[in-house]
Amino acid sequence: TARGTFDRNGVTVDEFEGRNFGGTFTGKARIDWTDAWSIAGTVKARQPDARRLAPALLGGGRVDGLATFSMRAKDAKTLFAAPRLEGDFSVSQGEVLGIDLMHLLKNGGDTRKTAFRQLTGKFVRDGDMIELRQVRLDSGVLSAAGALDIADNGVLRGRFTTSLPFDARQTS
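Conventions we followed
Residues numbered from 1 in each chain as written. Predicted model: local features only at pLDDT ≥ 70, side-chain atom pairs only at ≥ 80, totals over all residues. Heavy atoms only, no water. Salt bridge = Lys/Arg side-chain N within 4 Å of Asp/Glu carboxyl O. Helix = DSSP H or I, 4+ residues; strand = E, 2+ residues; numbered from the N terminus. Pairing = 2+ DSSP bridges. Buried < 20%, exposed > 50% of the residue type's maximum accessible area, 1.4 Å probe, protein only. Polar contact = N/O pair within 3.5 Å; in protein donor to acceptor, adjacent residues only side chain to side chain.

1. Observations concerning the pattern of salt bridges
With the rule as written, the count across this model stands at 11 salt bridges. We note a salt bridge from Asp 138 to Arg 117, for which the minimum N-O separation is 3.1 Å. Of the two residues, Asp 138 sits in strand 8 (residues 129–138) while Arg 117 sits in strand 7 (residues 113–126), which places them 21 residues apart along the sequence. Here the residues in one salt-bridge network are Arg 3, Asp 14 and Glu 15, joined through shared partners.

2. Notes on the pairing of strand 4 (residues 37–49)
Bridging between strand 3 (residues 23–32) and strand 4 involves 9 bridges; their strand directions are antiparallel. Opposite Ala 29, over in strand 4, you have Gly 41 as the bridge partner. The antiparallel pairing of strand 3 with strand 4 creates a hairpin that spans 4 residues between the two strands.

3. Description of the environment of Arg 19
Mapped onto the elements, Arg 19 comes out in strand 2 (residues 10–20). The exposed category is assigned to Arg 19, whose relative accessible area is 65%. Between the C-alpha atom of Arg 19 and that of Glu 95, which follows or precedes it by 76 residues, the distance is 23 Å. Among the polar contacts listed, one links the side chain of Arg 19 to the side chain of Thr 24, at a separation of 2.9 Å.

Written as structure tokens, this is what we have:
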């Protein structure tokens, strides 16, 4: 659903709400067609399934986030070809796929996934490139922090530091 007003230069959407990926998305936007087509606004995500939003990276969890978005093109058909989104995210009770941080730290069994209680950070999506910054993962047993770039061909580049709590009373 959406509520807004039209004028000769475009549409102001005072509020919109939609459901997708098992969650709710709300926000506002301005669509303008004066010189070229453009759209800009904000969107808030509430509890969509992280596995459906990022199936190559996340194996479950629920997302909350807030972002600004903008797109610009010569015509309406290509308006969504290179979106730009920038915002914050928080994912609860999920899994990062493709890496087992406990295996790397303890040399145990590799499950190719890291379960977490909370995963937070900032993101920028500019066209097909995604940048994740100030990422923090808390699994209860270990924590990690860092940054990650995801190229349009799926190549990941980044750096993370991990920490495992050490309790001297547990050693013998």
